[in-house]
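A look at the structure
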Amino acid sequence: MLVSWMTTNKCNLKCVHCYQDAEEASALELSCEEGKKLIDEIARAGFKVMIFSGGEPLMRPDIYELVAHAASRGLRPVFGSNGTLITPEVAVRLKEAGACAMGISVDSLDAAKHDRFRGLTGAHDLTMAGIEACKQAGLPFQLHTTVVDWNRDEVCAVTDFAVEIGAIAHYAFFLIPVGRGKFIQETSLEVLENERLLGDIMRKAAEVPIDVKPTCAPQFTRVAKQLGVETRFSRGCLAGLTYCVVGSEGIVRPCAYMTEEAGDLRERPFDEIWRTSPVFERLRTQAYSGSCGTCDYAQGCGGCRARAAYYHDGDILAQDDYCAWGLRRSDEQRN
């Protein structure tokens, strides 16, 4: 079980795809003491992995204190970061605080393309320096790549790069049009191209000695089975089942790309929200409709609940239209 806390909306970059539309901190963000209380409640709920994300989590001055508190409660603190603020000193402090791994965004091996996507000239160089700082500090790291049409053919090359530089994993995040991502929706891959890329990624996963995982593309579990590729990831969409997110202002949601609210930490403790929220209870029925409801792979895949809600007027159990297998089966049924 893992939870992601968007510790702040403040960010030093202006990424064109940002689902949080992150830039400036909100005056309503959880304080350090509220954050520690949240961490206690997360541990009490039985979670094992605590993801510190943002915005850019390294922009919180109390981040080391929060990481240390999470570690003291038996959680495994990990990060989702753009990597540009990881100096040698920061890497050492993170490791000493108890951070177990850094997830660092690398969207292209071409520095200029990466910089344009991240909204800052020189971002790529800073990120590479951050990776080197992690290596020198002995702080494990993995690479995260947001997939759009212009970097589709680079994704597997980034996996090879991840192996080359000593990363422990490479996660490919498929674009969902929320936040600033709504303005680049046309760069999302078409459904059939999605399917082809998932095949490429899973075949690459079978060749390399690190974890490779498509994220927000739960159909990878089906693709892996159809290709005969073994993967330790047995479930696609985790939203509300073994995963959720906490926004910077304390609003709990099933995933970072879903707008449906499960509860407010300033009104109820996290463990109670996780256990009793109607949104989570509904997701846990797994009573999917449409092609997801009749799919033989539904229990392993689950369809992307964020896409289902986005494209079906908020219906979190609707079919995920970004599934080539579902489209094929629907065509067969119509014919």
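See above for the structure.
Along every chain, residues carry numbers that run from 1 in the direction the sequence is written. Per-residue local features of the predicted model are confined to residues with pLDDT of at least 70, and side-chain atom pairs are confined, for both listing and counting, to 80 or more; whole-chain, interface and lining totals are unaffected and use all residues. The side-chain quantities take in all heavy atoms of the structure and omit both hydrogens and water.

1. Observations concerning the packing of helix H6 (residues 155–165) against helix H7 (residues 191–205)
Two elements in contact, H6 and H7, have axes separated by 9 Å at closest approach and are oriented at 20°. Viewed along their axes, H6 and H7 adopt a mutual orientation that is roughly parallel. The crossing of H6 and H7 is right-handed. Of the residues in H7, those touching H6 at Val155, Cys156, Thr159 and Asp160 are Leu197, Asp200, Ile201 and Lys204. For the contact of H6 with H7, the per-class residue count stands at 4 nonpolar, 1 polar and 3 charged. Between N-to-C directions, angles cover 0 to 180 degrees, with each direction set by a line fitted to C-alpha atoms, over the stretch in contact for helices. Secondary structure follows DSSP: runs of H or I at least 4 residues long count as helices, runs of E at least 2 residues long count as strands, and numbering of each begins at the N terminus. Any angle from 65 to 115 degrees is called roughly perpendicular, while one under 35 is roughly parallel, one over 145 is roughly antiparallel, and all others are oblique. By convention, the crossing between two helices is left-handed when the near helix turns anticlockwise from the far helix through less than a right angle, and right-handed when the turn is clockwise. Whether two residues are in contact is decided by their heavy atoms, any of which lying within 4.5 Å being enough. When residues are sorted by character, Ala, Val, Leu, Ile, Met, Phe, Trp, Tyr, Cys and Pro go into the nonpolar class, Asp, Glu, Lys and Arg into the charged class, and all the rest, Gly among them, into the polar class.

2. A word on the state of the cysteines
Pairs of cysteine sulfur atoms within 2.5 Å are what we label disulfides. Counted according to the given criterion, the structure contains 0 disulfides. Not engaged in a disulfide, the cysteine Cys295 finds its nearest cysteine sulfur in Cys323; these two sulfurs lie 6.2 Å apart. When accessible area is computed with a 1.4 Å probe and restricted to protein chains, residues below 20% of their type maximum are described as buried, those above 50% as exposed, and intermediate ones as partly exposed. Judged by its relative accessible area of 18%, Cys295 is buried. Counting only cysteine sulfurs, Cys323 is the nearest neighbor of Cys301, a cysteine outside any disulfide, at a range of 6.1 Å.

3. A look at the sheet that holds strand E10 (residues 263–264)
Here, a strand pair is defined by DSSP locating no fewer than two bridges between the strands. Pairing in this open sheet of 10 strands is mixed, and the strands run E7-E6-E5-E4-E3-E2-E1-E8-E9-E10 from one edge to the other. This sheet does not close on itself; its edge strands, each paired only once, are strand E7 (211–215) and E10. Pairing analysis gives 4 bridges linking strand E4 (residues 101–105) to strand E5 (residues 141–147), with the strands arranged parallel. What sits directly across from Ile104, in E5, is Leu143.

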